[in-house]
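This is what each chain is made of:
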Amino acid sequence: MSLFASPAMTPGPSKAAISNDMTARALPAASVPPIAAKPADPFVGAGLVGAGPNMPVALRRRLPRLATSSLLVAGDIASYLIAYFAILSFLPRGAEGAIVERTFTIAALAAIVLYASAGLYPGYRLHDHEHLRRRSIAAVKVAVLAAFGAIILPEGERLLLAVIGFLALGLIVQPLVHWLARGLCRKLGIWGERAVVIAGCNLAPALVAHFKNRWQYGIRPEPLSPDTLEALPDGVPSIAVIAGDTGSLVPDLAGLRRKFAEVILLSDTPNLKVSGLRPADVGGEIGIRLTTGGSWVNSDLVRRILDLAIAIPAMIVVAPFIAFAAAAIYAIDPGPVFFRHTREGRSGKPVHVLKLRTMYQDAEQRLEALFQDNPTMRAEWLSHFKLKDDPRILPVIGHMLRSSSIDELPQLANIIAGQMAIVGPRPFPEYHLLAMDGEFRNKRRSVTPGLTGLWQISERSNADIELQQQLDEFYIDNRSLWFDCQILLSTIPAVFKRRGAY
């Protein structure tokens with residue numbers, strides 16, 4: 001049993017999320033059912049186990065979790081097999097090769113045992129960056145053990161490099177295989193755990209839609225009216241998700257703790273908007289502590305080193321692409337090919353953001369003329385500060401550069417100069433920031449603006465002002481090196497998908 005109030009687990013359903021597209025799908029106030037109809041047993045439907053209604057409740061809860069965990073373990077085993085065959089041609093033959101293979105087997109088993117001890121099977125309610133952190137730590141532990149073995153064993157140093165390469169390659173392959181395994185579990189109907197959503201009539205549909213869209217968290221939501229809580233029989237959903245005015249919705253938390261195996265108290269609610277909430281075990285009892293997010297390492301220094309390690313080589317690689325794009329821009333609309341705009345940076349200092357020009361030189365005049373003739377486009381601009389059909393954008397090359405985000409690559413120079421970071425909230429122009437509240441602007445000034453960020457990999461231009469603020473606020477509240485790594489790894493597929501990019 002645990003009582004959670006952690007923004008790291010609940011990035012969504014805040015006032016911003018509710019006011020956005022999910023609200024459009026909200027049900028009428030009187031239409032929230034007491035509880036969703038109980039779904040068919042996934043094991044019966046999938047034909048995996050002859051589970052019947054007489055099976056004990058505890059066992060029926062454990063079987064889907066056990067099956068899911070087994071498939072995830074099989075996925076990790078497959079990942080290490082892929083890593084092994086990828087480096088097979090570089091391995092020695094004969095007796096020495098057999099020793100290497102046995103070492104790889106031990107290393108893979110040790111890593112899987114550490115994954116299990118870190119709660120990654122099935123790993124419900126963990127963000128992707130937390131999965132990455134736990135897997136990386138487990139791989140490092142195994143590598144340290146391998147290094148220790150290399151020291152004490154004769155000629156063991158030969159194995160060390162091979163083992164490190166094997167573990168690193170397995171770590172690279174695992175996210176893809178893990179994604180496939182989770183998708184298979186979902187199709188079989190065994191992914192996730194049923195959870196009742198206890199919230200107000202206007203909030204419950206938004207929360208249900210949120211968790212259904214983000215099924216990877218392992219929460220299968222079912223709306224529940226607080227008035228029918230006592231009539232809920234034992235042995236149904238083991239999780240309760242509570243949001244909104246908890247004082248009036250759930251007067252008896254002790255009763256909830258007896259009825260449900262786990263209670264998740266969403267912190268991003270009007271009464272509990274507190275940064276840094278984490279679950280804590282205090283003297284054997286579950287409590288809630290406030291943390292400042294401090295670390296024993298200077299994270300800003302580490303981030304700066306990583307920024308330079310990435311930005312300098314990347315600038316060398318992309319320079320030819322920037323030159324080609326600049327020539328195309330000049331051919332279509334002769335004039336300056338780069339665009340410099342002053343944005344607000346860390347501590348409010350101005351940052352001269354560098355971009356490839358994707359608009360006509362008289363872009364502002366074109367925009368004003370458009371607003372005079374088309375009030376609908378003006379409303380779209382005020383909501384997003386972007387237009388899907390923007391007449392200012394250069395034909396062909398402008399749309400291509402913006403959809404692929406190549407126009408942002410010159411900002412690598414801003415990163416090298418220390419004005420920006422690889423990951424962080426995007427630097428907005430003044431007119432964009434004026435649409436946000438002052439408290440949030442102060443929070444934004446506490447971090448360095450970035451080339452890519454959370455809302456760039458999730459919503460891109462589809463996010464309106466409120467959703468942009470919500471995502472940026474969540475990132476700042478939960479900022480970590482692991483979170484940055486996950487955002488950076490997710491940027492590449494987000495760019496290729498081009499969803500919401502215009």
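A. Layout of the overall build of the protein. Each helix and strand counted, the protein has 20 helices and eleven strands in total. Out of the 502 residues belonging to the protein, those deemed buried represent 47%. Taking the contacts inside the protein whose residues are at least 6 apart along the sequence as the reference set, 74% of them involve residues at least 24 apart. By element, 64% of the accessible surface of the protein is carried by carbon and sulfur atoms, the whole surface being about 25200 Å².

B. Local environment of the side chain of glutamine 174. Looking at the element boundaries, glutamine 174 is found in helix α7 (residues 157-188). Of the polar contacts made by the side chain of glutamine 174, one reaches the side chain of tyrosine 80; its length is 3.1 Å. Glutamine 174 has contacts with Asp76, Ser79, Tyr80, Tyr115 and Arg135, leaving out every residue within four places of it along the chain.

C. Spatial organisation of helix α12 (residues 363-373). Every buried residue belonging to α12 is among Ala363, Leu367, Leu370 and Phe371, and all of these are buried. End-on view of α12: buried residues confined to an arc of 100°, all on one side of the axis. For α12, exposure combined with an orientation more than 90 degrees from the buried face picks out Gln365, Gln372 and Asp373.

D. Geometry of the pattern of salt bridges. Per the stated rule, a full pass over the model turns up 19 salt bridges. Here glutamate 130 makes a salt bridge to arginine 133, at a shortest N to O gap of 2.7 Å. Of this pair, glutamate 130 and arginine 133 both sit in helix α6 (residues 128-152), separated by three residues, roughly a single helical turn. Bridged by salt links that share partners, the residues Glu344, Glu430, Arg441 and Arg445 form one connected network.

E. Local environment of the pairing of strand β2 (residues 193-198). Extensive coverage of β2 is indicated by the burial of six of its six residues. Burial along β2 is two-sided: the residues Glu193, Ala195 and Val197 and Arg194, Val196 and Ile198 are all buried. One ladder, built from six bridges, connects β2 with strand β3 (residues 219-224); its direction is parallel. The residue bridging alanine 195 from the neighbouring strand is proline 221, located in β3. The pairing of β2 with strand β4 (residues 239-242) spans four bridges and is classified as parallel. By the bridge assignment, valine 197 is partnered in β4 with valine 241.

F. The packing of helix α5 (residues 94-117) against α6, seen in detail. Orientation of α5 relative to α6, taken along the N-to-C sense of each, is 140°, at an axis distance of 9 Å. One way to sum up the angle between α5 and α6 is to call them oblique. Relative to α6, the crossing made by α5 is right-handed. From α5, Ala107, Ala110, Ala111, Leu114 and Tyr115 reach across to α6, where they touch Arg135, Ala138, Lys141 and Val142. When grouped by side-chain class, the residues that make up the contact of α5 with α6 number seven nonpolar, no polar and two charged.

G. Looking closely at the environment of phenylalanine 85. Mapped onto the elements, phenylalanine 85 comes out in helix α4 (residues 57-86). C-alpha separation for the pair phenylalanine 85 and phenylalanine 166, spaced 81 residues apart in sequence, amounts to 9.8 Å.

H. Representation of the confidence of the model for the protein. For the protein, the average pLDDT comes to 75, and 73% of its residues sit at 70 or higher. Across residues 1-51 the pLDDT falls below 50, and counting only partners more than four positions away or on other chains, this stretch makes 124 contacts in the model. Here residues 269-296 scores under 50 on pLDDT; set against residues more than four positions off or in separate chains, the count is 52 contacts.

I. View of the nonpolar core. Ile329, Ile415, Leu454 and Tyr475 are the most contacted members of the largest nonpolar core, which totals 41 residues. When sequence neighbours within four positions are dropped, the list of residues in contact with isoleucine 415 reads Arg304, Asp307, Ala311, Met420, Ala421, Ile422 and Leu451. Formed by 31 residues, the second largest nonpolar core is a distinct cluster that contains Ala107, Leu120, Ala162 and Leu167.

J. Up close: helix α11 (residues 299-332). In α11, a bend of some 45° at valine 318 exceeds every other bend along the element, and proline 320, a proline, comes one to four places later. Residues Arg303, Asp307, Ala311, Val318, Ile322, Ala325, Ala326 and Ile329 constitute the buried set of α11.

K. Representation of the packing of aromatic side chains within the structure. Summed over the entire model, instances satisfying the criterion amount to eight aromatic pairs. Between the aromatic rings of tyrosine 80 and phenylalanine 166, the centroid separation amounts to 5.3 Å while the plane-to-plane angle is 35°, which identifies the pairing as tilted. Within this pair, whereas tyrosine 80 is found in helix α4, its partner phenylalanine 166 is found in helix α7, the two being separated by 86 residues in sequence. Judged by its relative accessible area of 3%, tyrosine 80 is buried. Considering the side-chain rings of tyrosine 475 and phenylalanine 483, the 5.7 Å spacing of their centres and the 50° angle between planes classify their relative orientation as tilted. Grouping residues by exposure puts tyrosine 475 and phenylalanine 483 together as buried. A connected cluster of aromatic rings, assembled from ring pairs, spans Tyr80, Tyr84, Phe85, Phe104 and Phe166. The aromatic ring of tyrosine 115 is capped on one face by arginine 135, whose charged end is 4.6 Å from the ring centroid.

L. Expanded view of empty space enclosed by the protein. Applying the stated criterion to the full structure yields two cavities of 30 Å³ or more. Along its surface, the largest cavity is lined by Glu344, Gly345, Arg346, Pro425, Leu433, Arg444, Arg445, Val447 and Pro449. The residue inventory of the lining of the largest cavity, partitioned by class, reads four nonpolar, one polar and four charged.

M. Expanded view of the side chain of arginine 357. When you line up the elements, arginine 357 lands in the loop between β9 (350-356) and α12. In terms of polar contacts, arginine 357 uses its side chain to reach the backbone carbonyl oxygen of methionine 359, at 2.8 Å. Filtering out sequence-adjacent residues up to four positions away, arginine 357 remains in contact with Ile329, Asp333, Pro334, Gly335, Pro336, Val337, Phe338, Phe339 and Leu394.

N. Expanded view of the environment of leucine 180. By the element assignment, leucine 180 lies in helix α7. Taking the C-alpha atoms as reference, leucine 180 lies 9.3 Å from leucine 72; in sequence the two are 108 residues apart.

What counts as what
Residues numbered from 1 in each chain as written. Predicted model: local features only at pLDDT ≥ 70, side-chain atom pairs only at ≥ 80, totals over all residues. Heavy atoms only, no water. Helix = DSSP H or I, 4+ residues; strand = E, 2+ residues; numbered from the N terminus. Buried < 20%, exposed > 50% of the residue type's maximum accessible area, 1.4 Å probe, protein only. Contact = heavy atoms within 4.5 Å. Areas by Shrake-Rupley, 256 points an atom, 1.4 Å probe, with all protein chains shown as cover. Polar contact = N/O pair within 3.5 Å; in protein donor to acceptor, adjacent residues only side chain to side chain. Arc of directions from axis to C-beta. Salt bridge = Lys/Arg side-chain N within 4 Å of Asp/Glu carboxyl O. Pairing = 2+ DSSP bridges. Axes fitted to C-alpha atoms, helices over the stretch in contact; angles between N-to-C directions. Parallel < 35°, antiparallel > 145°, perpendicular 65-115°, else oblique. Left-handed = near helix turned anticlockwise from the far one by under 90°. Nonpolar A, V, L, I, M, F, W, Y, C, P; charged D, E, K, R; others polar. pLDDT = per-residue confidence, 0-100. Core = buried A, V, L, I, M, F, W, Y, C linked by side-chain atoms within 4.5 Å. Bend = angle between axes of the 7 residues up to and from the residue. Phe/Tyr/Trp six-rings, centres within 6.5 Å; stacked < 30°, edge-to-face > 60°. Lys NZ or Arg CZ within 6 Å of the ring centre and 35° of its normal. 1 Å grid on protein atoms, 1.4 Å probe; cavity = no way out; pocket = protein on both sides within 12 Å on 5 of 7 lines; lining within 4 Å. Points joined across faces, edges and corners; volume = space filled by probe spheres on them.

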